[in-house]
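Listed below, chain by chain, are the residues.
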There are 2 protein chains.
Amino acid sequence: MKFKITILRLGHRLGRDKRISTHLGLVARAFGANEIIYVGDVEKDVLEKINDVTKRWGGSFSISIEKSYKDVISKWKEKRGLIIHLTMYGINISRKIIKEIKEQGKKHILIIVGAKKVPREIYEIADYNIAIGNQPHSEISALAIFLDRFFNGKELNRAYKNAKIKIIPQARGKKVIKIS
Amino acid sequence: MKFKITILRLGHRLGRDKRISTHLGLVARAFGANEIIYVGDVEKDVLEKINDVTKRWGGSFSISIEKSYKDVISKWKEKRGLIIHLTMYGINISRKIIKEIKEQGKKHILIIVGAKKVPREIYEIADYNIAIGNQPHSEISALAIFLDRFFNGKELNRAYKNAKIKIIPQARGKKVIKIS
């Protein structure tokens, strides 16, 4: 099954979370998600930065901002998508749980990642509350590890359509080529 | 071999990188590194936040600030440690390369992660320039994926000595216990 993965970023705080939310969007794109949805007030720069990366580095990646996470979730329930909440309080990620998620037969997967405080109801609404270890770290690393395990590392070798630039991996130094 | 892993964070920019550098330190700790070294001017908050996490969540994790990365690297060369630079321009991470790194027989591994611009000489000094995919994302996700692959996922199940609090993983909700 070809999964369609959307990231829902909750609790962005103006100013404070600008760079974290930008990195989160870039991780979503680079690790094989199709879309990120931010909720609330988000700086224009965040969207511009990510859209600029997509424009130059290729692929299709969507960004949107919604007023309420409740709307996003109820739409998700309507289209019978799966909801995964990444939280340090959840059950630990494992091969077994990834297998189980894939076997649900649900094409649309919503991955919720919060900033500091996530509303209680998210823990109830989610089909899975999954921890990337039970130690504090970062929503950026949590999302990266989840997607890396989900796609079995293959997301890193994806080709990006319509790229204008591309890196040629080097043992030393940098090599970037332009694709016209 | 029991590896001792130190992260060297280059190019921290005051204000702008405060939260990114904090997350980077937390990722280093949660994914099995022993130490992080920041270079240059770094906000006190960054260190306090990470030390506070170590105090409450346990384990031993060291943080220090050095004036010059050159000193850190020359000390590393003296003690014959291995130097790995994580960069999107490098050769891609693979099982083969992780195996090769482990087989060098070097206990002390320095992992360099930069912010925007990394000096050219780092690419020369490093024993390995390794890319976590050749797309732009985040130094936080790059470090997490590298350590996750290096420790084969086992870092997430480590026990932390002298922890004051601990999470009991839950399918729904939060459960944190105090350890006296």
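Each remark here, short or long, concerns the structure printed above.
What you are looking at is a predicted structure, and each value in this text was computed from that prediction instead of being measured.

Caption draft 1: View of the pattern of salt bridges. Per the stated rule, a full pass over the model turns up 18 salt bridges over all chains. The shortest N-O distance in the salt bridge between B:D17 and A:R19 comes to 2.2 Å. Of this pair, B:D17 sits in the loop between strand 1 (4-9) and helix 1 (18-30) while A:R19 sits in helix 1 (residues 18-30), which puts the two residues in different chains. As far as the burial class goes, B:D17 and A:R19 line up, both buried. Across the pair A:R149 and B:D148 runs a salt bridge, and its minimum N-O distance is 2.7 Å. Linking A:R149 in helix 6 (residues 139-150) with B:D148 in helix 6 (residues 139-150), this pair reaches from one chain into another. The exposure class of A:R149 is partly exposed, given its relative accessible area of 25%. Each of the salt bridges in this network shares a partner with another, and the network as a whole consists of A:R13, A:D17 and B:R19.

Caption draft 2: Quick peek at the interface of chain A and chain B. Across the boundary between the two partners, chain A contributes 54 residues, which contact 54 residues of chain B. With both sides pooled, the region where chain A packs onto chain B buries about 4600 Å², and carbon together with sulfur makes up 58% of that total. Among the residues chain A hides against chain B, the three largest losses belong to A:R19, A:Y89 and A:K174. Together they make up 15% of the total. The tally of links between chain A and chain B comes to four salt bridges. Run the count over chain A and chain B and you get 22 residue pairs in polar contact (both at pLDDT 80 or more). Those elements that place two or more of their residues in the side of chain A that touches chain B are helix 1, helix 2 (44-57), strand 4 (82-92), helix 5 (120-125) and helix 6 of chain A. The residue inventory of the side of chain A that touches chain B, partitioned by class, reads 25 nonpolar, 13 polar and 16 charged.

Caption draft 3: Region of interest: the pairing of strand 4 of chain A. All names here are of chain A. Where burial is concerned, most of strand 4 is hidden: eight out of the 11 residues are buried. Pairing between strand 4 and strand 5 (residues 108-113): five bridges, direction parallel. Paired with L82 across the strands is I109, a residue of strand 5. The pairing of strand 4 with strand 6 (residues 128-131) spans five bridges and is classified as parallel. Looking at strand 6, one finds that L86 is bridged to I130.

Caption draft 4: Inspection of helix 3 (residues 69-78) of chain A at higher detail. Residues and elements named next belong to chain A. Taken together, the buried positions of helix 3 are Y69, V72, I73 and W76. Buried residues in helix 3, looked at end-on, bunch into an arc of 95°, giving them a common side. Along its buried surface, helix 3 packs onto strand 1 (4-9), strand 2 (35-39), strand 3 (62-66), strand 4, strand 5 and helix 5. Following helix 3 by one or two positions, R80 adopts a phi angle in the positive range, close to 60°.

Caption draft 5: Spatial organisation of the environment of B:Q135. Its location among the elements puts B:Q135 in the loop between strand 6 (128-131) and helix 6. For the pair formed by B:Q135 and B:Y38, sequence separation is 97 residues and the distance between their alpha carbons is 25 Å. For B:Q135, the side chain forms a polar contact with the side chain of A:R29, separated by 2.8 Å.

Caption draft 6: Region of interest: the relation of the copies chain A and chain B. Superposing chain A onto chain B takes a rotation of 180° plus a shift of 0.0 Å along the axis, which leaves an RMSD of 0.0 Å. Such a turn and shift between the copies fits a two-fold axis. Scanning chain A for the C-alpha nearest the rotation axis identifies A:S141, at a separation of 2.4 Å. With an isologous cut-off of 70% or more, the 100% of interface residues of chain A that recur at the interface of chain B puts this contact in the isologous class.

Definitions and limits used
- Residues numbered from 1 in each chain as written.
- Chains lettered and ligands numbered in written order.
- Predicted model: local features only at pLDDT ≥ 70, side-chain atom pairs only at ≥ 80, totals over all residues.
- Heavy atoms only, no water.
- Salt bridge = Lys/Arg side-chain N within 4 Å of Asp/Glu carboxyl O.
- Helix = DSSP H or I, 4+ residues; strand = E, 2+ residues; numbered from the N terminus.
- Buried < 20%, exposed > 50% of the residue type's maximum accessible area, 1.4 Å probe, protein only.
- Contact = heavy atoms within 4.5 Å.
- Buried area = accessible area lost by both parts, 1.4 Å probe.
- Polar contact = N/O pair within 3.5 Å; in protein donor to acceptor, adjacent residues only side chain to side chain.
- Nonpolar A, V, L, I, M, F, W, Y, C, P; charged D, E, K, R; others polar.
- Pairing = 2+ DSSP bridges.
- Arc of directions from axis to C-beta.
- Least-squares fit on C-alpha atoms with pLDDT ≥ 70 in both.

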